[in-house]
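One-letter residues, chain by chain:
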Amino acid sequence: MGKIKKELIMVAIYSSVIYFVHQYYNFKEISIPLTVPAILGTIISLLLAFRSNQAYDRWWEARILWGAIVNDSRTFTRQILTFVDSSYDGDEKWALKERIVKRQIAWCYSLSRHLRRQNSKQNLEVYLSEEDVKTVKNLEHVPLALNELQGHDLRTLYKLGWINEYQQVALDGTLTGFTNSMGGCERIKNTVFPATYSVYIHWLVLFFVLLLPFSLIEFFGILQVPLVIGISSAFFLIEKMAIHLQDPFENMPTDTPTTAISRKIEQDLKQMMKDELPKDIDTVVNQQQNGPAVFYIL
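1. Describing the environment of Met272
Then, number 1: Note on placement: Met272 falls in helix α9 (residues 258-274).
Then, number 2: Sequence separation between Met272 and Arg78 is 194 residues; the distance between their C-alpha atoms is 7.5 Å.

2. Quick notes on the side chain of Arg58
Then, number 1: Relative to the assigned elements, Arg58 resides in helix α2 (residues 35-83).
Then, number 2: A relative accessible area of 12% places Arg58 in the buried class.
Then, number 3: In this structure the side chain of Arg58 is engaged in a polar contact, spanning 2.5 Å, whose partner is the backbone oxygen of Gln246.
Then, number 4: When residues no more than four places from it in sequence are discounted, the contact partners of Arg58 are Ile188, Thr191, Phe193, Gln246, Asp247 and Pro248.

3. What to know about the pattern of salt bridges
Then, number 1: For the structure on display, the rule yields eleven salt bridges.
Then, number 2: Note that Lys102 and Glu98 form a salt bridge whose closest N and O atoms lie 3.4 Å from each other. Of the two residues, Lys102 and Glu98 both sit in helix α3 (residues 90-115), four residues apart, roughly one turn of that helix.
Then, number 3: With relative accessibility at 29%, the residue Lys102 sits in the partly exposed group.
Then, number 4: Note that Asp153 and Arg99 form a salt bridge whose closest N and O atoms lie 3.0 Å from each other. Residue Asp153 is located in helix α5 (residues 142-159), and its partner Arg99 is located in helix α3; the two are separated by 54 residues in the primary sequence.
Then, number 5: In this structure Asp153 comes out as buried when scored by relative accessible area, which is 7%.
Then, number 6: Accessibility expressed as a relative area gives 30% for Arg99, which makes it partly exposed.
Then, number 7: A single salt-bridge network, built from bridges that share partners, covers Arg99, Arg103, Asp132 and Asp153.

4. Let's talk about unusual backbone geometry
Then, number 1: Of note, the phi angle at Arg117 is positive, near 60°, even though the residue is not glycine.
Then, number 2: Within the secondary structure, Arg117 is located in the loop between α3 and α4 (130-136).

5. Remarks on the packing of α2 against helix α7 (residues 195-220)
Then, number 1: For the pair α2 and α7, interaxial distance at closest approach is 10 Å and the crossing angle is 150°. By the angle between their directions, the pair α2 and α7 is classed as roughly antiparallel. For the element pair α2 and α7, the recorded crossing hand is left-handed. For the pair α2 and α7, the contacting residues are Val36, Pro37, Leu40, Gly41, Ile44, Leu47, Leu48, Phe50 and Arg51 in the first and Tyr197, Ser198, Tyr200, Ile201, Leu204, Val205, Phe207, Phe208, Leu211, Leu212 and Ser215 in the second.
Then, number 2: For the contact of α2 with α7, a count of residues per class yields 16 nonpolar, three polar and one charged.

Cut-offs applied
Residues numbered from 1 in each chain as written. Predicted model: local features only at pLDDT ≥ 70, side-chain atom pairs only at ≥ 80, totals over all residues. Heavy atoms only, no water. Helix = DSSP H or I, 4+ residues; strand = E, 2+ residues; numbered from the N terminus. Buried < 20%, exposed > 50% of the residue type's maximum accessible area, 1.4 Å probe, protein only. Polar contact = N/O pair within 3.5 Å; in protein donor to acceptor, adjacent residues only side chain to side chain. Contact = heavy atoms within 4.5 Å. Salt bridge = Lys/Arg side-chain N within 4 Å of Asp/Glu carboxyl O. Axes fitted to C-alpha atoms, helices over the stretch in contact; angles between N-to-C directions. Parallel < 35°, antiparallel > 145°, perpendicular 65-115°, else oblique. Left-handed = near helix turned anticlockwise from the far one by under 90°. Nonpolar A, V, L, I, M, F, W, Y, C, P; charged D, E, K, R; others polar.

Put into structure tokens, the structure is as follows:
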């Protein structure tokens with residue numbers, strides 16, 4: 001309600017003035033049939049419903065894209081941790097895998113800030129190596145640069161023989177999924193909702209509110225003031241709701257929660273990394289007393 005308090009104050013003043021003039025200046029002949037605002041209200045309701053649906057579709061598509069980012073991030077980490085065997089040269093392999101996974105975490109945070117037109121380089125040094133930080137320092141599109149660095153490391157893994165060509169294709173496909181999700185979010189961000197449509201609906205709502213007191217005053221008297229406020233608030237709220245939902249990357253409470261999603265991705269990827277720690281041996285034999293040997297594959 002705080003978003004429409006100014007409009008409600010103006011409506012309260014306007015409807016009170018209409019009642020005062022109608023009651024004390026004998027302007028009772030000024031009246032509008034109730035069917036006029038009823039028909040106009042029906043038309044506005046249809047237009048607002050259409051706009052609300054379109055705005056919600058934009059918000060829901062943004063949420064679907066970030067849901068795909070969550071799934072692809074988990075898949076990408078699983079592929080890195082399982083495709084690259086740590087049976088030998090464990091420390092070197094683990095260092096490279098850790099760098100790739102942490103860079104993916106940085107990519108999620110940087111994309112979130114990039115879509116909200118914030119500083120996409122903020123706090124990335126926590127997850128990136130010094131070399132990566134220097135690489136993206138002077139670049140404008142940080143998520144794109146991080147995705148490119150991931151591709152270079154995948155090529156390094158293939159050249160070193162740590163993954164085969166089929167695994168490289170699978171990993172590259174996951175990277176392509178990140179690019180597609182990023183492009184989809186940017187399309188929503190950069191595609192502005194038609195301004196003429198918004199202005200048209202807004203003026204229709206105002207015209208409806210201006211007519212409403214003249215139709216209710218003969219039936220309800222002074223009670224038309226709270227009635228006009230209540231009816232107009234419904235239209236104003238639906239209009240405001242559509243305005244907020246149509247831009248899901250504006251850093252507002254109704255946004256797609258990209259920061260919270262990025263934090264959840266970070267937690268999940270760090271949990272997965274704990275399952276793949278560098279080891280000096282390939283297997284551990286746990287010999288239980290009076291029982292068979294149990295092999296734990298690490």
